[in-house]
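Inside the fold
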Amino acid sequence: MTTVSTAADPFGTAALRDSVLAAWRDSPTRFREDANAEEDLRLGGYRDRMLVELAQNAADAAVAAGVPGRLRLAVDGRELRVANTGAALTDEGVAALASLRASAKRSGEQVGQFGVGFAAVLAVTEEPRVVSSTGGVRFSAARTRESIADHGRLGALLAERDHEVPVLRLAWPVDAAEAPVPTGFDTEVRLPLRPEVDLDQLLASAAEQAPDLLLALPGLAVIEVGDERWERTEGDKPGLIELHGPKALTRWLTLRSSGALTDAQSQRLGVEARARANWSVCWAIPLDEDGAPVPVSGEVLHAPTPTDERLSLPARLLATLPVEPSRRRLLPGPATDAVLDAAAAAYPELVAALPTEHRLALVPLPGFPLSEVDGQLRASVLAALGEASWLPTEAGPQRPPAGASVLDLPDGELAGLVVALLPGLLKGWLSEPVYAPALAVFDVRRVRAADLVAAISGIDREPAWWARLYAALNRWVASDADIADELGGLPVPLIDGRMSFGPRDLLLPSAEVGELLSEVDIVGLRVADPDAVHPLLERLGARHADALDLLDAPALRDAVANSMADAQSGVDITGLVDTVLHLVERADFGAGERPWLGDLALPDDQGGTRRAAELVQPGAPLLGVLADDAIGSDAPLGVLAAELAQDWSPRTLAALGVLNNFAVLVVDSPTGPDHELADEAEWWEWIEGDVSPPDTLIGIRDLDLVDEDRWPEALRLLSGEPDTARALADPAGYSAWWLARYALLGGHPPMFWRLPGAVDLVGLYDEVPNVGLSAQLLTSVGVQAELVISDAPDAQEMLQRLGDPDRAVSSGTAMRMHAELVSAMAAGGFEPADVQPPARVRTISGESADAEDAVLLDRPWFLGVLPENRVLAARIMPVTEDVEFDPIESLAELCSIALASEVVTAEPALDGEPVAWSDLGAIRLACSLLGVHVPDGLVFVTDELVVDGQRVDWWVIEHEYGADTVYAEDTSEGLARALAWVLDRWPDRWLLAGLLTDPTAGTALR
């Protein structure tokens, strides 16, 4: 443990105090100046710099003593203790601590300049002590107040200032019992903390700042905060600094330079500052685990400890720059400009110290300057980088950005291939997008694909060189359509030695079709040299020349499309036909996959020529179901010449479009009825009104050419082939729609019939005749299997069938059908206005009645006076007032018939007084058994109830305001129905009738 001087006042603090007190007594204004100056430092410039200033003092002490600096923060109760190694406290140092602007530091390597940094401790304490191996001093707000309290004028000022005093102007020796400096250290600052100071937060802040302080203050080697330790060591490479922390190791690459200010540069500095006009600059950039730089952000200028001058540079700058007394802002002037210029001049050396692939990370990118200093420094740094040679080139030596160029296509191999054509070309990997912003700062020219094409057009190279060029370009075309467009004129060597300027429509040969290519003479076919072939050419519009790709070549497609015109004009197309057939056979694909092949001109059995898609193979099953007038010279279809049919397989001919079975047309994203399918426009109108247009149109061709007597055979043929069977599987598709309406079974289309098992449709539809077809097939072509009402046409047909007097439709079936119509309207399938009202309707008697004479029962009691052959066969449906859709009114509107309440106006003729429901014992018993309250109100009960001359069980007269008038015969049926209506329990009327029946007498109980 280091001892402390035993002298009572080793630093002569008494004389210092006397001097200060005398000055204050002689001039109280001086007291106010000192108090205000210290307060400004505590609350302003030094308010959050305590650790920075103490670390700076420790670093200066270590530099002065020539020892590695060590700083330790420890806690003793509520006292923070900051110990350091280095030069001990001196008389001059104590005098500096007790003054405002007199630093004891003279070395040019020391950081402190003004002697005011110690004021930062006042942010956390009013009683700081400094203990050193040479002795100790203390400062005390309390003792300062005592020292001036008895002086009248000072005492008055003290009261005016709310007893706030300058703490650091009066110094006392530490108490004799003061503990010595900890072993291994030379000085310790002891700070009893103010009550409001959060000790944990203070230590956490110190731990956060420790790594940056070790970097900024070379005089410090170690910082300890509590149990945590940070150590600064030199790395294994020049300028590499390693900061070993408690949790991680961080590494910084630094570049230092130093010099001295000239007299002209330092003339605006203070006297003491001019005496030590040396400067130093340090650029620092953090490195990741792989040694790559990690550009900094949110930085401030370090002088060398942090200032408030914000910077946007990717590296941290630590420089001995002149600063204002607060140490937060630079002091403008020639000295500052000189050091900033020196820093900018050194920046390219920091960049050059990095591996070439990481250098552009240190280029400052465009942006608004964060401060005046930032704008000045950024401009100087960019100017220095613009003149220095630090960018790697394909030719070898490094060069400055001026006059350099880089490919817009990032690839080193590509750059190596074209370096001789593009002088000043940078390394190919610098074309990567990540480097583009930095290169753009210096206006480095980017050679785009179009520029490259222009540079290589007209040069003479072997086909293999072109293949390597295409390989280099190919890696980037897929992700950038613009590049592909710019390469549209890319030179390609052809097999005959010529050059093609642009790959589009070139054929890329393979061994499979090499022989065929040599025999085909088709205008427009161009073939690339096999040694230059690369997938890039296909990306840019070239075509593979295997069988399938050759078939898809535009020139061949044009030849097929023109073949009919050529044949009719006398051109021999035998070679074209033979070549196409060979290619189709080798490609081995199915019918309909390339419908354009159907345009190929082929000979028919009449000695003429027709499109392949208009020909049927001899003996094809299709011929057995077509109408006689569908085949022939002037008919829609013809028969392929027998000799051609013998030479090629049915599959090859079908792939060409020659028919063996019905052909299926497949169209992606169809937009309208323009595919020459029978009645296609009608189908489009149907789907546009009811279903969404299809993503793919799948339609069976030539259905309208079937003989009307051969439809069962035709349907079996359609279901037996996978392609046509799939086309039938979509009930909303064209094929199923057409067959349901235009195919004929027993003289009627399939949608006219029902399946034998569709018992719900008995009477509405006739049973389909037995034509030897499965129920599944019949259903797929439109034979009714179940009732489906989804739209207005469905509703129209159902109403027509329900009212047809020639049909025997039961009232139960009619009721179900009417319920389905209401459900479809409720679901939004159609509106009553969308359907033409029927002329006749089906009543509950099962008869067909004139719609003008029929009524819809909207209240159940009206049934007692209406004949069954006038009442529509529909179940009573309650009106729900809180829903806009009224099922009864909607059905009446749909059928255009009156409601019963609009027709029946008679009322019961009844004398007597009504009775309360609660007075009827049977009613009370029934309600109790049913678990409901006996209804309020009255009921007229009579032995015989007559309305309009007819006896009825019950009756209700509804009133717009007030309770309805209820009538009932004194029978279980009458009372049960009336009670069920009043209770809104109409479905329970049969149960109530049973509950109201007397087991003995069989009459309603009073």
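Preceding this section is the structure that the text describes.
Residues numbered from 1 in each chain as written. Predicted model: local features only at pLDDT ≥ 70, side-chain atom pairs only at ≥ 80, totals over all residues. Heavy atoms only, no water.

Another point: the overall build of the protein chain. Assigned secondary structure in the protein chain consists of 36 helices and 39 strands. A globule of 1006 residues ought to have a C-alpha radius of gyration of about 30 Å, yet the protein chain, at 52 Å, is considerably larger. Considering only C-alpha atoms, the protein chain reaches an extent of 135 × 110 × 45 Å along its principal axes. The burial tally for the protein chain puts 49% of its 1006 residues in the buried class. In the protein chain, the proportion of contacts linking residues at least 24 apart, taken out of those at least 6 apart, comes to 65%. Once the 78 positive and 158 negative side-chain charges of the protein chain are each reduced to a mean point, those two points are 16 Å apart. (Helix = DSSP H or I, 4+ residues; strand = E, 2+ residues; numbered from the N terminus. Rg over C-alpha atoms; globule rule 2.2 N^0.38 Å. Buried < 20%, exposed > 50% of the residue type's maximum accessible area, 1.4 Å probe, protein only. Contact = heavy atoms within 4.5 Å. Lys, Arg positive; Asp, Glu negative; His and termini not counted. Charge placed at Lys NZ, Arg CZ, Asp CG, Glu CD.)

With that out of the way, let us pick up the side chain of R17. Relative to the elements of secondary structure, R17 occurs in helix α1 (residues 13–26). Within the buried core, R17 has no salt-bridge partner, and the shortest N-O distance to an opposite charge, that of D9, equals 4.9 Å. Not counting residues up to four positions away in its chain, the partners in contact with R17 are L170, A171, W172 and P173. (Salt bridge = Lys/Arg side-chain N within 4 Å of Asp/Glu carboxyl O.)

Turning to the packing of helix α5 (residues 141–149) against helix α6 (residues 152–160), a few remarks are in order. Contact geometry of α5 with α6 gives a least axis separation of 8 Å together with a crossing angle of 135°. Between α5 and α6, the angle is such that the two are oblique. Judged by residue contacts, R145, I148 and A149 of α5 engage L154, G155 and L158 from α6. Split by residue class, the contact of α5 with α6 holds four nonpolar, one polar and one charged. (Axes fitted to C-alpha atoms, helices over the stretch in contact; angles between N-to-C directions. Parallel < 35°, antiparallel > 145°, perpendicular 65-115°, else oblique. Nonpolar A, V, L, I, M, F, W, Y, C, P; charged D, E, K, R; others polar.)

The next point concerns helix α7 (residues 199–216). Taking 1.5 Å of rise per residue, 18 residues should cover 26 Å, and α7 covers 25 Å from first to last C-alpha, within 8% of that figure. At A210, α7 shows its strongest bend, of approximately 40°, with the proline P211 following within four residues. Those residues of α7 that fall on the buried side of the exposure criterion are L199, L202, L203, A206, A207, A210, L213, L214, L215 and A216. Measuring from the backbone nitrogen of D200 back to the side-chain oxygen at the start of α7 gives 3.1 Å, which picks out D198 as the cap. (Expected span 1.5 Å × (residues − 1). Bend = angle between axes of the 7 residues up to and from the residue. Polar contact = N/O pair within 3.5 Å; in protein donor to acceptor, adjacent residues only side chain to side chain.)

This next bit is on the sheet that holds strand β19 (residues 506–508). If you walk across this open sheet you meet the three strands as β20-β19-β21, and the pairing is parallel. Strand pairing shows two members of the sheet lacking a second neighbour, β20 (526–527) and β21 (543–544), which therefore form its edges. As paired strands, β19 and β20 are joined by two bridges and run parallel to one another. Bridging across to β20, L506 finds its partner in R526. (Pairing = 2+ DSSP bridges.)

Below, the discussion takes up the sheet that holds strand β35 (residues 938–942). Ordered in space as β34-β35-β39-β38, the four strands form an open sheet in which the pairing is mixed. Every other strand in the sheet has two partners, leaving β34 (915–916) and β38 (954–957) as the edge strands with one partner each. Two strands pair when backbone bridges link them, and β34 and β35 are joined in this way by two bridges, in the antiparallel orientation. Note on β35: the bridge partner recorded for V915 is V939. Relative to the sheet, helix α35 (residues 972–982) contacts β35, β38 and β39 (965–969), its axis offset from that of β39 by approximately 155°.

Let's shift gears to the packing of helix α26 (residues 711–720) against helix α28 (residues 734–742). Relative orientation of the contacting elements α26 and α28 amounts to 165°, with a least axis distance of 13 Å. Of the possible angle classes, the one that applies to α26 and α28 is roughly antiparallel. Relative to α28, α26 is oriented so that their crossing is left-handed. Contact residues: α26 offers W711, L715 and L718, while α28 offers W738, L739 and Y742. In the contact of α26 with α28, the residues fall into six nonpolar, no polar and no charged. (Left-handed = near helix turned anticlockwise from the far one by under 90°.)

Right, let's get into the pattern of salt bridges. All told, the structure shown has 37 salt bridges when counted by the stated rule. Across the pair R446 and D408 runs a salt bridge whose closest N-O atoms are separated by 2.7 Å. Here the residue R446 occupies a position in strand β16 (residues 445–447), and D408 occupies one in the loop between β15 (405–407) and α12 (412–418), the gap between them amounting to 38 residues. The exposure class assigned to D408 is buried, which follows from its relative accessible area of 19%. D408 serves as the salt-bridge partner of R448, at 2.9 Å between the closest nitrogen and oxygen. Linking R448 in the loop between β16 and α14 (449–456) with D408 in the loop between β15 and α12, this pair joins segments that are 40 residues apart in sequence. The partly exposed category is assigned to R448, whose relative accessible area is 34%.

Another aspect to go through is α5. If you check which residues of α5 are buried, you get A141, T144 and I148. Across the axial projection of α5, the buried residues extend over an arc of 60°, all falling on one side. (Arc of directions from axis to C-beta.)

For D702, which is not a glycine, the phi torsion comes out positive at approximately 65°. With respect to the helices and strands, D702 occurs in the loop between β27 (696–700) and α26.

In this structure the tally under the stated criterion is 22 aromatic pairs. When the centroid spacing of 4.8 Å and the interplanar angle of 80° are considered together, the rings of W283 and Y347 count as edge-to-face. Placement of W283 in strand β11 (residues 278–287) and of Y347 in helix α10 (residues 334–352) is noted, with a sequence separation of 64 residues between them. Taken individually, W283 and Y347 each receive the classification buried, so the pair is uniform in this respect. (Phe/Tyr/Trp six-rings, centres within 6.5 Å; stacked < 30°, edge-to-face > 60°.)

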